[in-house]
Amino acid sequence: MDDEEIAKLVTAYLKKKGFAQAEQAFQEELQQQQQQPPSRKAGDRNSNSLADPEIAKLVLSFTDRSESSPVRYHDGYSKLRTWAHSSLDLYKHELLRVLYPVFIHCFMDLVARGHIQEARTFFNSFREDHVMMHSADLLKLEGVLSPSHLEEMEFAHYLRHTKANIKICQYSYDLLLQYLHKTQSMTMLGIINERINFQVTPGQPMSISEDVGVEMIFSIEDDANQASHKEIQWGLLEDSLEDRLDKAGNPLLESEKADGETKEGDSDDIKKRSGEGGKQSTSVKKSKKDKSAGAVGKNMRPEPNIVSVAPRVKPELVLPVRSAEVEQSILEDLRNRVQLSSSALPSVSFYTFINTHNGLNCSSISQDGSLVAGGFSDSSLKVWDMAKLGQQSGTSILQGENDATNGEQVVGTNGGRRSYTLFQGHSGPIHSATFSPLGDFILTSSADSTIRLWSTKLNANLVCYKGHNYPVWDVQFSPAGHYFASSSHDRTARLWSMDRIQPLRIMAGHLSDVDCVQWHPNCNYIATGSSDKTVRLWDVASGECVRIFIGHRSMILSLAISPDGRYMASGDEDGTIMMWDLSSGRCIMPLMGHTSCVWTLAYSCEGTLLASGSADCTLKLWDVATSAKVPRTEEKSGNTSRLRLLKTLPTKSTPVYALQFSRRNLLFAAGALSKV
């Protein structure tokens, strides 16, 4: 092969790749060589000819790659995989990270070139290597059956046009370069050059224990880095009730605390406070994946409240005004609040649904625990009044759909057989329900893509909100009421107000379903968890994303934000809970202990404890006040997170669907009894 043929190949390659400037420079260099005297040209050819066998071999490798046979992808990846697995243990876990993006792009390159059968063979040959970490992604890519799918499918299109970011130490990076140079596998070299962005760090590689929770993420990490520069005002609202109580000196006397215990356990007091305000309840996550009241803690000397030291911020939304009667009731609860800690755990009142026949999709508990709602797969919403239930049967067991009749609207009245109110209106399964802070309204979201507002006083549907295009997985009232947020299969979260049927804001950016949503205590931010394994924080005023939290390895099903607004907890499908610092966007530490989906999370009112409910039929209490202070350098053993687990409360056979702390720090929980 002479110089002219090689020059044509190089020119064609540069043109095909769109390297216009490089092509122009190459053409100018060729023209300069042609204008040289024959004797000079001959001397240059002898010293540095394009026809040199090594140069010709490299050029052919690059130019042939566009027409390369499928065998090159299979053999190249297989050799890279064998080499990575046979590397030294110190560097192996870093080198293995390279395999997933290479695997993805080998498969998509084969599809793009029309080698569909070879692409399927390649995919099935090596998919088991990545099932544990990337099962959801692989299920989506299995649907790529033609070149057009690479552009039509948003997920495939996103992967195809973005680079993967991989952190790797300098020595591991050098080992990879040496391997690629030695094997001269141009197919693998091209994919790694074009599709992976290496973040090379000096020193030793990260240990495997530090690598837990670190996952190769595509260019969303760039978005996360950009969002992390935006300022977060995580404090509480100015002139809030907590603020007023702190300024008044918080006169929490021992006698008042003892009186608080009596009132918390008194059912008459619960009935008296039925419907009073507070923060929104934490509703249970949906059935999208076919998901399978007493005395409080000990009297203790009150510890410094982390909520009282939080900074104060101004609201970005026009918040509703509470009546003086409601404010007085809330202040009374705040004065009588029992301080919880690692040595003073809360009492738990657990509501169990029975005879639901696997039809219960979600549950929610009002702030004072007086009302419990259940959303069912037959599109019905049922609300139990605990006071009436206690009068009739003296038990906290909730009858579900057993012997339900279609036209039944208001039940539990004198002479009635049942103690629940039936609400009907949705045309699809209900996936989420949430009480307003005052308990006088309920919001439900459904597979029919709508959100409905119900009145617990009128026992009627008031409004149907339409805006989402697909099933709505979650809906949550703001802590102040009036506003609410929703999340959907259409990959958006939306901000609404009760008096408008159209959304005020649409938050778009997630790459997959937005599975759960949670309000910040100051109502200025909304957090969303997604099947794309990320959590995002949104500014309600602008609608833009101000933080992206990366680290989960499966879909996020539950969220909770600490009462002071500084920390956030997120629970995923694998049973992992991650604690985040909202200011920095960094993970403080994962909480390991659950063995199945974490459906619900709730902070205690002073923020010292975190409660988690799971499909593994346990409720766990975590000490997040002390554990948040543990430096990362001390996390050397694999079971450090167990030091933060205070207590596990197992149920007989009841997955925990909902958790709610009352303002006096009694913990309410709910779940449906499953068949043993």
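About the thresholds
Residues numbered from 1 in each chain as written. Predicted model: local features only at pLDDT ≥ 70, side-chain atom pairs only at ≥ 80, totals over all residues. Heavy atoms only, no water. Helix = DSSP H or I, 4+ residues; strand = E, 2+ residues; numbered from the N terminus. Buried < 20%, exposed > 50% of the residue type's maximum accessible area, 1.4 Å probe, protein only. Pairing = 2+ DSSP bridges. Axes fitted to C-alpha atoms, helices over the stretch in contact; angles between N-to-C directions. Phe/Tyr/Trp six-rings, centres within 6.5 Å; stacked < 30°, edge-to-face > 60°. Expected span 1.5 Å × (residues − 1). Arc of directions from axis to C-beta. Contact = heavy atoms within 4.5 Å. Parallel < 35°, antiparallel > 145°, perpendicular 65-115°, else oblique. Left-handed = near helix turned anticlockwise from the far one by under 90°. Salt bridge = Lys/Arg side-chain N within 4 Å of Asp/Glu carboxyl O. Core = buried A, V, L, I, M, F, W, Y, C linked by side-chain atoms within 4.5 Å. Nonpolar A, V, L, I, M, F, W, Y, C, P; charged D, E, K, R; others polar.

Asks: Sorry if this is basic, but what is going on with the overall build of the chain here?
Replies: Within the chain one finds 21 helices and 33 strands. Burial analysis of the chain (676 residues in total) assigns 54% to the buried set.

Asks: I tried to follow the sheet that holds strand E16 (residues 472-477) on my own but got confused; where do I start?
Replies: Adjacent strands of a sheet form backbone hydrogen bonds with each other and so pair up, either parallel or antiparallel. Here we have 4 strands laid out as an open sheet, ordered E16-E17-E18-E19, and antiparallel in their pairing. Each edge of the open sheet carries a strand with a single partner, namely E16 and strand E19 (505-508). Strand-to-strand twist in this sheet, taken as the mean axis angle between neighbours without regard to direction, amounts to 20°. Summarising the sheet, strand E17 (residues 483-488) and strand E18 (residues 492-497) pair through 5 bridges and their orientation is antiparallel.

Asks: Can you walk me through the packing of aromatic side chains in this structure?
Replies: Each aromatic ring pair is characterised by the separation of its centres together with the angle its planes make. One pass over the structure, following the stated rule, counts 19 aromatic pairs. Aromatic side chains Tyr77 and Phe103 sit 6.0 Å apart centroid to centroid with 50° between the ring planes, which places their arrangement in the tilted category. In this pair, Tyr77 sits in helix H5 (residues 70-85) while Phe103 sits in helix H7 (residues 99-112), placing the two residues 26 residues apart along the sequence. The residues Tyr77 and Phe103 share a single accessibility class, namely buried. With 6.0 Å between their ring centres and 5° between their planes, Phe484 and Trp496 make a pair best called stacked.

Asks: Can you walk me through the sheet that holds strand E29 (residues 609-614) in this structure?
Replies: Strand order in the open sheet made by the 4 strands is E28-E29-E30-E31, with antiparallel pairing throughout. Unpaired on one side and paired on the other, strand E28 (598-603) and strand E31 (645-650) mark the two borders of the sheet. Geometrically, the sheet is characterised by an average inter-axis angle of 15° between neighbouring strands, direction not taken into account.

Asks: Sorry if this is basic, but what is going on with unusual backbone geometry here?
Replies: Glycine aside, the phi torsion of most residues is negative, and most peptide linkages are trans. Positive phi, close to 75°, is recorded for Ser379, a residue that is not glycine. Following the sequence through the fold, Ser379 ends up in the loop between strand E8 (371-376) and strand E9 (380-385). Positive phi values are uncommon outside glycine, yet Asn459 reaches one of about 55°.

Asks: How should helix H12 (residues 170-183) be read in this particular structure?
Replies: Two residues of an α-helix separated by three or four positions point the same way, owing to the 3.6 residues in each turn. An ideal rise of 1.5 Å per residue puts 20 Å on 14 residues; H12 measures up with 20 Å between its terminal C-alpha atoms. Those residues of H12 lying buried are Ser172, Leu176, Tyr179 and Leu180. Seen along its axis, H12 keeps its buried residues to an arc of 95°; they face one direction. Exposed side chains of H12 directed beyond 90 degrees from the buried face belong to Gln178, His181 and Lys182. Those residues of H12 that are buried are in contact with H5, helix H6 (89-95), strand E1 (164-169), helix H13 (186-195) and strand E2 (196-201). Just beyond H12, the residue with positive phi is Gln184, at close to 50°.

Asks: Looking at this structure, how should I read the packing of H7 against helix H8 (residues 116-126)?
Replies: Relative orientation and spacing of two packed helices are given, respectively, by the angle between their axes and the distance between those axes. Between H7 and H8, whose axes approach to 8 Å, the crossing angle comes to 165°. Here H7 lies roughly antiparallel to H8, going by the angle between them. H7 and H8 meet at a crossing whose hand is left-handed. Taking contact as the criterion, the partners of Phe103, Cys106, Phe107, Leu110 and Val111 in H7 are, on H8, Ile116, Glu118, Ala119, Arg120, Phe122, Phe123 and Phe126.

Asks: Sorry if this is basic, but what is going on with the environment of Ser366 here?
Replies: Mapped onto the fold, Ser366 is located in the loop between strand E7 (360-365) and E8. Ser366 sits 294 residues away from Gln660 along the chain, and the two C-alpha atoms are 7.8 Å apart. Ignoring anything within four residues of it in the chain, the contact list for Ser366 reads Leu371, Phe435 and Gln660.

Asks: Explain the pattern of salt bridges here, please?
Replies: Here the idea is simple: oppositely charged side chains can pair when their charged atoms come close. In the structure shown here, the tally under the stated rule is 10 salt bridges. For Asp109, the salt bridge goes to Arg195, with nearest N and O atoms at 4.0 Å. Note that Asp109 is positioned in helix H7 and Arg195 in helix H13, a separation of 86 residues in sequence. Its salt-bridge partner being Glu142, residue Arg127 comes within 3.1 Å of it at the nearest N-O pair. With Arg127 in the loop between H8 and helix H9 (131-141) and Glu142 in the loop between H9 and helix H10 (149-152), this residue pair connects regions lying 15 residues apart in the sequence. Arg127 gets classed as buried once you look at its relative accessible area, which sits at 16%.

Asks: Is there a simple way to think about the nonpolar core in this case?
Replies: In a soluble, globular protein the nonpolar side chains are often hidden away together inside. Core analysis: the biggest nonpolar cluster contains 43 residues, and Val102 and Phe107 have the highest contact counts within it. When residues of this core are assigned to their parent elements, the largest contribution, 10 residues, is made by H7. Apart from residues lying up to four places away in sequence, Phe107 is in contact with Ala119, Arg120, Phe122, Phe123, Leu141 and Val144. Membership of the second largest hydrophobic core comes to 22 residues, among which are Tyr351, Val372, Trp384 and Leu389.

Asks: Sorry if this is basic, but what is going on with the pairing of E28 here?
Replies: A regular strand carries its side chains on alternate faces of the sheet. Burial analysis of E28 places 6 of its 6 residues in the buried class, the great majority of the element. Pairing of E28 with E29, which is carried by 5 bridges, proceeds in the antiparallel orientation. Looking at the pairing, Tyr603 lines up with Leu610 of E29. With antiparallel pairing between neighbouring strands as the criterion, E28 and E29 make up a hairpin whose turn holds 5 residues, including Gly607 at a positive phi of roughly 85°.

Asks: Before we go on, may I ask you to explain H5 in this structure?
Replies: End to end, H5 covers 23 Å across 16 residues, agreeing with the expected 22 Å (1.5 Å per residue, within 8%). Inspection of H5 places Pro70, Tyr73, Gly76, Tyr77, Leu80, Trp83 and Ala84 among the buried residues, and these make up the whole buried set.

Asks: Looking at this structure, I do not really get the packing of H5 against H13. What am I missing?
Replies: The interhelical angle for the contact between H5 and H13, taken along N-to-C directions, is 75°, at an axis separation of 8 Å. If you check the angle between H5 and H13, you find them roughly perpendicular. Each of Arg72, Tyr73, Gly76, Tyr77 and Leu80 in H5 lies in contact with H13, whose residues at this interface are Thr187, Met188 and Ile191. Class assignment for the residues of the contact of H5 with H13 results in 5 nonpolar, 2 polar and 1 charged.

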